[in-house]
Amino acid sequence: MAEQTRYYAIVNDFSTREEPGGVLRRVKTDDGERDETFGADLQWGRSSLLYAYECGDLTNDMIPISEEEADQIVARICQRD
Amino acid sequence: MAVGVERSEQPESSDARPDRDTGPGADRVADQDRPLVLTDPERRVAEHLRYRDSVVNHEAAHAWDRAVPELRGIWEKITDKYGYTERSVSVAQPTDGSWHGEGGRKLDAAQNSEVDRGYARIREVGEGSIIPGLRAIEAEDPTRHLVGFEHRFKGLDRLKEKVADEIRSTPGITPSQALSVVPDAVRFTYEYDDAVYTANVRKDVERLEARGFTQVERRNTWASEQYKGINSRWREPLSGVLFEVQFHTRASLEAKELTHKAYERIRSVTATERETEELKDFQRQVNDKVPIPPGTTEYEGYRPERRNGRTD
């Protein structure tokens, strides 16, 4: 199975849907799925934020977005540094 | 069943009654054997509702109780397969004032110190005004209680894990800001009977608001495969400190407890993809067996239009 990737904007009390605080991607593979966020270290790294959200955690909103929107958030994070 | 309870029309034995009384007042059993005709319409309706609710509770409890042993067996197999042991108390800590957690999570010394100070303040607000408020609300209805009260403050290491996740995943946020968005540093759980769950959650939400707490968000996840319940975020108005209130039935709370180690294992971000999939499948199996309380799907969540900058 080819990998399938879905993207989510991370929105908390200090960000907005128009300008999310971060971005998460869920990559489906033959073995299961892997969640990663694009971090302050400018790399994708494993994350449990989406899973926690699915289990009732209210720290962040996780909003499905397109790959293009995800790229824009990544670019914004890179420009910040 | 027809509205109104005419006991003479209830052919079931007293053993089959879900609300059978085997306690000190068992002399009521003799009364139950005599035909009882309720002539007052209001009493007839009230008795019908009481009986219906007791049947709902009884059936829900039994369906869940029957499923639990098998679910525990599945978890034991997963535990054996992956060699799980009790989670270590904490990751070995460096001596430079920084903090290290599972999955490579880190806070530098300044961040760690800021979180420690913030946590102390949250506990102070919790003890001083949030807990007394929640206790007062609890006292307004003796049919349900706060459960797991000993866990009202999140453990400091678990809290720092969340703060570290937030700092890493939302670049630019300060440690204090990250700490302030974690709603469950102070948390409470109310548990209800299935039959009265939805109505009583509504009442307790109203009581929280009447007590002066600000509802920030409420999420109904009874349709979720991974977690059943209603979780809500609240703000203590003077301090701005957030706290969480969860609303559960006995089964949904037991399901949460039964899957807690799977949840923690996935959250550690050290499990392989295949292992994670197996753990999620276990959570699906457990939650699939949790009875859905009547009316809960109609109780919508509440979320602010904008989630930034305290605009709720």
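In short, a report on the structure. (Residues numbered from 1 in each chain as written. Chains lettered and ligands numbered in written order. Predicted model: local features only at pLDDT ≥ 70, side-chain atom pairs only at ≥ 80, totals over all residues. Heavy atoms only, no water.)

What follows concerns the overall build of chain B. Within chain B, the regular secondary structure consists of nine helices and seven strands. Carbon and sulfur atoms form 50% of the exposed surface of chain B, whose accessible area is close to 15600 Å². (Helix = DSSP H or I, 4+ residues; strand = E, 2+ residues; numbered from the N terminus. Areas by Shrake-Rupley, 256 points an atom, 1.4 Å probe, with all protein chains shown as cover.)

On to the overall build of chain A. Of regular secondary structure, chain A possesses two helices and five strands. For chain A, the succession of helices and strands along the chain, N to C, is β-β-β-β-α-β-α. Counting only C-alpha atoms, chain A reaches 35 × 30 × 20 Å along its principal axes. Relative to its full complement of 81 residues, chain A shows a buried share of 58%. Within chain A, contacts between residues at least 6 apart in sequence are counted, and of these 48% link residues at least 24 apart. Summed over all atoms, the accessible surface of chain A reaches about 3700 Å², with 42% contributed by carbon and sulfur. If the 9 positive side-chain charges of chain A are averaged to one point and the 18 negative ones to another, these points end up 2 Å apart. (Buried < 20%, exposed > 50% of the residue type's maximum accessible area, 1.4 Å probe, protein only. Contact = heavy atoms within 4.5 Å. Lys, Arg positive; Asp, Glu negative; His and termini not counted. Charge placed at Lys NZ, Arg CZ, Asp CG, Glu CD.)

We now examine the side chain of B:Asp184. Residue and element names in this part refer to chain B. Residue placement: aspartate 184 occurs in the loop between helix 5 (175–181) and strand 4 (187–192). Classification of aspartate 184 as buried rests on a relative accessible area of 7%. A distance of 3.0 Å separates the side chain of aspartate 184 from the side chain of lysine 154, its partner in a polar contact. For aspartate 184, the residues in contact, after removing those within four places along its chain, are Lys154, Lys162 and Glu244. (Polar contact = N/O pair within 3.5 Å; in protein donor to acceptor, adjacent residues only side chain to side chain.)

Once that is clear, we can look at the sheet that holds strand 4 of chain B. All names here are of chain B. Strand order in the open sheet formed by five strands is 3-4-7-6-5, with mixed pairing between adjacent strands. The sheet terminates laterally at strand 3 (145–147) and strand 5 (214–220), the two strands that pair on one side only. Adjacent strand axes in the sheet meet at a mean angle of 30 degrees, parallel and antiparallel pairs treated alike. As defined by bridge partners, strand 6 (residues 230–235) adjoins strand 7 (residues 242–249) across six bridges and the pair is classed as antiparallel. What sits directly across from asparagine 231, in strand 7, is glutamine 246. (Pairing = 2+ DSSP bridges. Axes fitted to C-alpha atoms, helices over the stretch in contact; angles between N-to-C directions.)

Consider a sheet: its strands pair through backbone hydrogen bonds, and that pairing is either parallel or antiparallel. Residue and element names in this part refer to chain A. One open sheet accounts for five strands, arranged 4-3-2-1-5; its pairing is antiparallel. Each edge of the open sheet is held by one strand with a lone partner, namely strand 4 (44–46) and strand 5 (61–65). Averaged over all pairs of adjacent strands, the angle between strand axes in this sheet comes to 35 degrees, irrespective of strand direction. When strand 2 (residues 22–28) meets strand 3 (residues 33–38), the two strands line up antiparallel, connected through five bridges. Each bridged residue has a counterpart across the sheet, and for leucine 24 the counterpart in strand 3 is threonine 37. Strand contacts of helix 2 (residues 67–80): strand 1 (4–11), strand 2, strand 3, strand 4 and strand 5, with the helix running at about 135 degrees to strand 2, the strand carrying the most contacts.

Residues and elements named next belong to chain B. Compared with the 20 Å implied by 1.5 Å per residue over 14 residues, the 20 Å span of helix 4 (residues 156–169) between its first and last C-alpha is a close match. Within helix 4, 10 of the 14 residues are buried, which leaves it mostly tucked inside the rest of the structure. Listing the buried residues of helix 4 in full gives Leu159, Lys160, Glu161, Lys162, Val163, Ala164, Asp165, Glu166, Ile167 and Ser169. (Expected span 1.5 Å × (residues − 1).)

Turning our eyes to something else, we now look at the interface of chain B and chain A. Between chain B and chain A, the contact holds 48 residues from the first and 43 residues from the second. In this assembly, chain B packs against chain A so that about 3800 Å² is buried in total across both faces, 47% of it on carbon and sulfur atoms. Inspection of the chain B/chain A interface yields seven salt bridges. A salt bridge links A:Asp57 to B:Lys162, with the shortest nitrogen-to-oxygen separation between them at 2.3 Å. If you list the elements that add at least two residues to the side of chain B that touches chain A, you get helix 4, helix 5, strand 5, strand 6, strand 7, helix 8 (260–267) and helix 9 (273–288) of chain B. A per-class count over the side of chain B that touches chain A returns 14 nonpolar, 14 polar and 20 charged. (Buried area = accessible area lost by both parts, 1.4 Å probe. Salt bridge = Lys/Arg side-chain N within 4 Å of Asp/Glu carboxyl O. Nonpolar A, V, L, I, M, F, W, Y, C, P; charged D, E, K, R; others polar.)

Each pair of packed helices can be summarised by the angle the axes make with each other and by the distance between the axes. Residues and elements named next belong to chain B. It is at 11 Å that the axes of helix 3 (residues 109–139) and helix 4 come closest, and there the two elements cross at 125 degrees. Taken together, helix 3 and helix 4 sit at an angle that is classed as oblique. The handedness of the crossing between helix 3 and helix 4 is right-handed. The segment helix 3 lies against helix 4, with Gln111, Asn112, Val115, Asp116 and Tyr119 engaging Leu156, Leu159, Lys160, Val163 and Ile167. Its residues assigned to classes, the contact of helix 3 with helix 4 shows six nonpolar, two polar and two charged. (Parallel < 35°, antiparallel > 145°, perpendicular 65-115°, else oblique. Left-handed = near helix turned anticlockwise from the far one by under 90°.)

Next up on the list: the environment of A:Ile77. Relative to the helices and strands, A:Ile77 resides in helix 2. In sequence terms A:Ile77 and A:Leu49 are 28 residues apart; their C-alpha atoms lie 18 Å from each other.

Let us now look at unusual backbone geometry. Backbone geometry places A:Leu42, a non-glycine residue, at a positive phi of 60 degrees. In this fold, A:Leu42 is placed in the loop between strand 3 and strand 4. For A:Leu42, a relative accessible area of 35% corresponds to the partly exposed category. A positive phi angle is found at B:Val269, which is not glycine, with a value near 55 degrees. Tracing the chain through its elements places B:Val269 in the loop between helix 8 and helix 9.

What follows deals with the environment of B:Trp99. Residue and element names in this part refer to chain B. Mapped onto the elements of the fold, tryptophan 99 is located in strand 1 (residues 99–100). Ignoring anything within four residues of it in the chain, the contact list for tryptophan 99 reads Gln93, Arg105, Lys106, Leu107, Asn112, Asp157, Lys160, Glu161 and Ala164. In terms of polar contacts, tryptophan 99 uses its side chain to reach the side chain of aspartate 157, at 2.9 Å.

Now for the packing of aromatic side chains. What the rule picks out here adds up to 13 aromatic pairs over all chains. Arranged with centres 5.5 Å apart and planes meeting at 65 degrees, the rings of A:Phe38 and A:Trp44 form a pair that is edge-to-face. Ring centres of B:Tyr192 and B:Tyr197 lie 5.7 Å apart, and the angle between their planes is 85 degrees; this geometry places the pair in the edge-to-face category. Each member of the pair, B:Tyr192 as well as B:Tyr197, is classed as buried. These aromatic residues form a ring-pair network of at least three members: B:Tyr190, B:Tyr192, B:Tyr197, B:Trp222 and B:Phe247. (Phe/Tyr/Trp six-rings, centres within 6.5 Å; stacked < 30°, edge-to-face > 60°.)

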